[in-house]
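# A look at the structure
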Amino acid sequence: MTVPTLDALALETLVSAAVAAPSVHNTQPWRFRLVPETSMLEVRAAAERALPAVDPEGRALHVSVGAAVLNLRTAARHLGWAPEVRLLPDPAEPELLADVRLDESEACHLPAVEALYDAIWRRHSIRSPFTGPPVPAEVLAEFADAARAEDTELLFPDDAETERLLRLTAEAERRNTTDSDQRTETRSWVQGPGAPPYGIPVSALGPQDAGGHLPMRDFGALAPARHLAPVEFESQPRIAVLLTRGDRPVDWLRAGLALEHVLLAATVRQVRASLLHQAMEWRFLRWEARDPRHGPAFAQMLIRLGYGPEGAPTPRLPAADVIDS
C-alpha cells in the first residue's frame, strides 16, 4: 500500500487530534516538532505549562502527554499509517517524551480504530452526577482490555475498597484546598471569559455532592464567586483504578496512553467519565490508593464511570500554536 503523505494538512490533523487529549487542569503541556527531512514527529514537554506545586515530579505532565500520544497514534492509523511510537527515545533529551515514526502504511483500516478516532472529537470529562443504570460488567471488561493493550491494568474495586478510595480522595481534596501553594496555583488555572484557550473555563466547573459522599474537585472553593449549588450525586459510584507495574517516567507515559484509550473506549460506548486525581497529587495518598492484594503496582488515576449527559468541552490551543519549526 502507498504510504500517506505527511503534508501540512496531515500534520494539522495529527496534532489537532493529539491536543484534544485530557490534561491536568487543562494545562496542555505538550509541543510537537516534525524532524526536517524525515517522517518523525517528536512530542516534547512544554515546561512553561507545568504545575510545580500540584505536580512537582512531573508525573501528571507525563500522563497528560501520554494521552496526547495515544490520540496522535490513533489519528495516524486513521490516516493510513502504521505508526511506530517510542517513549523517552533519547536519555540525553529528557524533555523529548516520545517520537512517532510515520514511514509505513497500515495494512488495512480497522473499524475499531475508526471508532476510537471518531471518539477523540466527542470525548469530554463530566463533573456532574451520573443518572443512568450501572455500567454492565461486559462493558467494563472492554475498558480493562483497553488498559491492558497499553501494558497497564484497570481494576474495579468492590464496595468496601471503593469507600476507602473515596475517603483518600476526600482527604486529598481537603489538603488541596488548604495548602496555600496548591490553592494559589490551581486558582490561576481557573479561567474566566476571554481567557487563553487553556485552563479550566468557568463553564466547565461542576457542583459538589450535596450528600458529601463523592468528593469532586471543588474549584468553587478556590473561587467562591463561581461556586455552584450542591446537587445529589450517585450513591454507589463505579470507580476504576488505573495501575502500572513501575513508577518511572516511562510508566507515567504508559498510564497516559492507557487512560486515553479507556476514555475513548468509554466514549464509543456512550459511557461518561470523570477523573478523580486529587489523591494522586500527594505521594503518600497515592501509595495508599494501591491495593496490596493485587501485588506490586502503582496507582496513577481513579476514573469515575457511568451514564449521564455529555460533559462541557474545554478549550484547546490551535495546532499551529503547539508545533515547533
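Above this text you will find the structure in question.
Summary of the structure given here. From a predicted model like this one, the values you see are computed outputs, not experimental measurements.

What counts, and where the lines are drawn
Residues numbered from 1 in each chain as written. Predicted model: local features only at pLDDT ≥ 70, side-chain atom pairs only at ≥ 80, totals over all residues. Heavy atoms only, no water. Helix = DSSP H or I, 4+ residues; strand = E, 2+ residues; numbered from the N terminus. Rg over C-alpha atoms; globule rule 2.2 N^0.38 Å. Buried < 20%, exposed > 50% of the residue type's maximum accessible area, 1.4 Å probe, protein only. Contact = heavy atoms within 4.5 Å. Areas by Shrake-Rupley, 256 points an atom, 1.4 Å probe, with all protein chains shown as cover. Lys, Arg positive; Asp, Glu negative; His and termini not counted. Charge placed at Lys NZ, Arg CZ, Asp CG, Glu CD. Pairing = 2+ DSSP bridges. Salt bridge = Lys/Arg side-chain N within 4 Å of Asp/Glu carboxyl O. Expected span 1.5 Å × (residues − 1). Axes fitted to C-alpha atoms, helices over the stretch in contact; angles between N-to-C directions. Phe/Tyr/Trp six-rings, centres within 6.5 Å; stacked < 30°, edge-to-face > 60°. Lys NZ or Arg CZ within 6 Å of the ring centre and 35° of its normal.

### Quick notes on the overall build of the protein
The secondary structure content of the protein amounts to nine helices and 11 strands. The C-alpha radius of gyration of the protein comes to 19 Å, within 12% of the 20 Å expected for a compact globule of 325 residues. Seen through its principal axes, the protein has C-alpha atoms that stretch 60 × 40 × 35 Å. Across the 325 residues of the protein, 52% fall into the buried class. In the protein, the share of contacts with a sequence separation of at least 24, taken over all contacts with a separation of at least 6, comes to 77%. On the protein, roughly 14200 Å² of surface is accessible, and the fraction owed to carbon and sulfur atoms is 54%. Counting 33 positive and 45 negative side-chain charges, the protein places the averaged centre of each group 3 Å from the other.

### Quick look at the sheet that holds strand 1 (residues 30–34)
Read across the sheet, five strands follow the order 3-4-2-1-11 without closing on themselves; strand pairing throughout is mixed. Each having just a single partner strand, strand 3 (84–87) and strand 11 (323–324) make up the two edges of the open sheet. Direction of pairing for strand 2 (residues 40–45) relative to strand 4 (residues 96–101): antiparallel, over a ladder of five bridges. Paired with Arg-44 across the bridge in strand 4 is Leu-96.

### Regarding the environment of Ala-76
The topology assignment puts Ala-76 in helix 2 (residues 59–79). Of the residues examined, Ala-76 reaches a relative accessible area of 0% and is grouped as buried. Apart from residues lying up to four places away in sequence, Ala-76 is in contact with Leu-14, Trp-81, Pro-83 and Leu-102.

### Focus on the pattern of salt bridges
Inspection of every chain in the model, using the stated rule, returns 24 salt bridges. Across the salt bridge formed by Glu-260 and Arg-123, the nearest N and O atoms sit 3.8 Å from each other. One end of the pair, Glu-260, is in helix 8 (residues 249–268); the other, Arg-123, is in the loop between helix 3 (111–120) and helix 4 (137–148), and 137 residues separate them in sequence. We note that Glu-260, like Arg-123, is buried. The salt bridge involving Arg-304 is made with Glu-234; its shortest N-O contact spans 2.6 Å. Taken together, the positions of Arg-304 in strand 10 (residues 298–306) and Glu-234 in the loop between helix 7 (219–222) and strand 8 (238–244) put the pair 70 residues apart, joining distant regions of the chain. Grouping residues by exposure puts Arg-304 and Glu-234 together as buried. Put simply, Arg-33, Glu-42, Arg-44, Glu-93 and Glu-95 are held in one network by salt bridges that share partners.

### Overview of helix 1 (residues 8–19)
With 12 residues, helix 1 extends 16 Å between its outermost C-alpha atoms, agreeing within 8% with the 16 Å of an ideal straight helix rising 1.5 Å per residue. Restricting attention to buried positions, one finds in helix 1 the residues Ala-10, Leu-11, Leu-14, Val-15, Ala-17, Ala-18 and Val-19.

### So, the sheet that holds strand 5 (residues 153–155)
The four strands lie next to each other as 5-8-10-9, forming an open sheet whose pairing is antiparallel. Each having just a single partner strand, strand 5 and strand 9 (272–276) make up the two edges of the open sheet. Across this sheet, the average inter-strand angle for adjacent strands is 30°, counted without regard to direction. Both strand 8 and strand 10 contribute to a ladder of seven bridges, which runs antiparallel.

### Side note on the packing of aromatic side chains
If you walk through the whole model with that rule in mind, you get three aromatic pairs. For the ring pair Trp-189 and Tyr-198, a centre distance of 5.7 Å and an interplane angle of 55° mean the geometry is tilted. The exposure class of Trp-189 is buried, given its relative accessible area of 11%. Looking at Tyr-198, the relative accessible area reads 24%, which means it is partly exposed. Relative to Phe-298, the ring of Trp-287 has its centre 6.0 Å away and its plane inclined at 50°; by these criteria the two rings are tilted. Of the two residues, Trp-287 sits in helix 9 (residues 283–288) while Phe-298 sits in strand 10, which places them 11 residues apart along the sequence. Cation over ring: Arg-175 sits above Trp-282, and NZ or CZ is 5.8 Å from the ring centre.

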